[in-house]
Structure formats: structure tokens, C-alpha cells
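The chain contents come next:
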Amino acid sequence: MLIIKRKKNESILIGDNIEIIISEISGDKVKVAINAPNDVRIIRKEIKETSEFNKNAVVDLSKDKLKALKIGLKKMQ
Amino acid sequence: MKITSREFGEFEIKDEDVIKFNRPIFGFEDKDSFVILKDSPEDDIMYLQSIDDENLHFIIVDPYAILPKYEPQLSSDDIEVLKIKKSEISDLRYMLIAIITENIENSVVNLKNPIVINSKNKQAIQAMLENEDYIMRYPLFSNDKAGASSC
């Protein structure tokens, strides 16, 4: 993995069309500005992970299984 | 309004029961209207049923049935999307999306990204909480009743 140190307002170029600018640094947070072509999809990594979780959450669940879950939860309380 | 669910069949719902997502559930960008279905009013485990797609539902769980000390911290971005004032935070209700596994003992719930519903106007989002210790795969049947501090 390439690691580069940057200061505020400095930037990084990826390929010919993508620029990542460090626009603000405060405490443990960094604000970045990204210039990229419209067809480049940019999302926060945690959103991709949450999307994958959600897709795995959509499954068939019979009422019998739901009943077993309810009993399990009641037992815990 | 009449809707159809694979598990519950066809039934009538009131307009005010419809939950509208101001920002869709992550990964389900084309679905914004859902309704909560449960077998009996005191159930802590429910279906979040899509109104547009009878085959789409999530299993959701009341977080306080699992973690009585659940204390979600919403980001300012999420508060903005929900269009609420800080004073209205007490109107919000939280639900956790569950992955129910073949062996139900291994089922997990997502503490980090609860469904947040404004109980006054039924506007909702799936949040990206600020709480750093809330994990995405927390065991549904956990023996740790003390809170999420040790997760």
C-alpha cells in the first residue's frame, strides 16, 4: 500500500482524471474533496458494507422460525 | 391502501402507517415505502415490509429487547436528512435489521445502522451512527445484557 503525507489544501492525483484534495483537518476528522468523472462511483466504504449486510438480511423466514425467534428473545429477557 | 406480503397475505393498511425513507435503506435505492408488520402488539421482533414489493421484507428487532442500554448517537448529517430539530430526538424510534441464519442461534443484528423512524411523521432513514463501539454483527442471542460496552 502506498502511503503519502499531505497538508491542508494539498492534493493527490490518481490516474489522469481523479484528484483528491485535503480540504480541512480538525481533530480526528479530515474533509476531502474529490474531482472525478461522473462514471466513477464514489461511496464511503461503510455504506458498501451496510448494503451487503442488508442484502444478506433479505431471506425467507417462515412463521415457524419467527415463532422460535420470539421464544428465544423472551427467554433472554 | 391494500398491500400484499408473502408472509401475511393481502391486507389493508392506513396511510399513516406508511414509513417513508428520506434516504433509502442502503442497497435498496429504489424502495422508499415500508410498513411494520407484527403478529401481536407486544412483539419485539417484526417485519419491515416493502409496500411496492411483496417479496421484500427485513426482519427487524427492537434494540431495547437485546440491549436495554442502547444509546444511539446520530450524526449531524443523519439529523439533517431526517429534517428534525435536536429537541425532537425523543420522537425517534429505533429498529435493528437482523440477519437470521439457518441455525437461529447464530443470528446477528446491526447495532451500527439502525432504522430510525420519526414517530410523529413516519419519516425514516437507515442511520450511520457515530457510536464507535456499536458493531454491525452483534449476536441477537447474546448473554451480555449489561450493554454494548464490551462489544
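None of the values given here were measured: they were computed from a predicted structure.

**Looking at the overall build of chain B**
Inference 1: For chain B, the helix and strand inventory stands at 2 helices and 11 strands.
Inference 2: Secondary structure of chain B in N-to-C order comes out as β-β-β-β-β-β-α-α-β-β-β-β-β.
Inference 3: The C-alpha radius of gyration computed for chain B amounts to 15 Å, which stays within 12% of the reference 15 Å derived for 151 residues, consistent with globular compactness.
Inference 4: If one aligns the C-alpha atoms of chain B with their principal axes, the spans along those axes are about 45 × 40 × 30 Å.
Inference 5: Looking at chain B alone, contacts between residues at least 24 apart form 52% of all its contacts between residues at least 6 apart.

**Topic: the overall build of chain A**
Inference 1: A tally of regular secondary structure across chain A gives 2 helices and 3 strands.
Inference 2: Reading chain A from its N end, one meets helices and strands in the order β-β-β-α-α.
Inference 3: Over its C-alpha atoms chain A spans a radius of gyration of 22 Å, topping by over 25% the 11 Å that the globule rule assigns to 77 residues.
Inference 4: Each principal axis of the C-alpha distribution contributes one length, and for chain A these read about 60 × 35 × 20 Å.
Inference 5: A buried classification covers 6% of the 77 residues belonging to chain A.

**Topic: the sheet that holds strand E1 (residues 11–14) of chain A**
Residues and elements named next belong to chain A.
Inference 1: Strand order in the open sheet formed by 3 strands is E1-E2-E3, with antiparallel pairing between adjacent strands. The outermost strands of the open sheet, each flanked by one partner alone, are E1 and strand E3 (29–35). Sheet twist, expressed as the mean angle between neighbouring strand axes with direction ignored, is 25°.
Inference 2: Note: strand E2 (residues 18–26) against E3, 7 bridges, orientation antiparallel. Pairing of Glu24 across the sheet is with Lys31, part of E3.

**Some words on the environment of Ile59(B)**
Inference 1: By the secondary structure assignment, Ile59(B) is in strand E6 (residues 57–61).
Inference 2: Under the C-beta neighbour-count criterion, Ile59(B) is labelled buried, with 24 such atoms within 10 Å.
Inference 3: Linking Ile59(B) and Val81(B), residues 22 residues apart in sequence, is a C-alpha distance of 24 Å.
Inference 4: If we skip the residues at most four places from it in the chain, Ile59(B) touches Ala57(A), Leu61(A), Ile45(B), Tyr47(B), Ala98(B) and Ile100(B).

**Some points on the interface of chain B and chain A**
Inference 1: With 22 residues of chain B in contact, the opposing surface of chain A contributes 23 residues.
Inference 2: Elements supplying a minimum of two residues to the side of chain B that touches chain A: E6 and strand E7 (92–99) of chain B.

**Brief notes about the nonpolar core**
All names here are of chain B.
Inference 1: Counting residues in hydrophobic clusters, the biggest one holds 39 residues, and the most contacted among them are Ile60, Val61, Ala98 and Val109.
Inference 2: By residue number, the principal contributor to this core is E7, which donates 6 residues.
Inference 3: Setting aside chain neighbours within four positions, we find Val61 in contact with Asp44, Ile45, Ile66, Met95, Leu96, Ala98, Val109 and Leu140.

**Quick word on the pairing of E6(B)**
A regular strand places its side chains on the two faces of the sheet in alternate fashion.
Residue and element names in this part refer to chain B.
Inference 1: The buried fraction of E6 is high, at 5 of 5 residues.
Inference 2: A loop of 6 residues connects strand E5 (residues 45–50) with E6, the two strands running antiparallel in sequence.
Inference 3: As paired strands, E6 and E7 are joined by 3 bridges and run antiparallel to one another. Note that in E7 the partner of Val61 across the bridge is Leu96.

Definitions and limits used
- Residues numbered from 1 in each chain as written.
- Chains lettered and ligands numbered in written order.
- Predicted model: local features only at pLDDT ≥ 70, side-chain atom pairs only at ≥ 80, totals over all residues.
- Helix = DSSP H or I, 4+ residues; strand = E, 2+ residues; numbered from the N terminus.
- Rg over C-alpha atoms; globule rule 2.2 N^0.38 Å.
- Contact = placed C-beta atoms within 7 Å.
- Buried ≥ 20, exposed ≤ 12 C-beta atoms within 10 Å, placed from the backbone.
- Pairing = 2+ DSSP bridges.
- Axes fitted to C-alpha atoms, helices over the stretch in contact; angles between N-to-C directions.
- Core = buried A, V, L, I, M, F, W, Y, C linked by C-beta atoms within 7 Å.

Geometry only, nothing functional implied.
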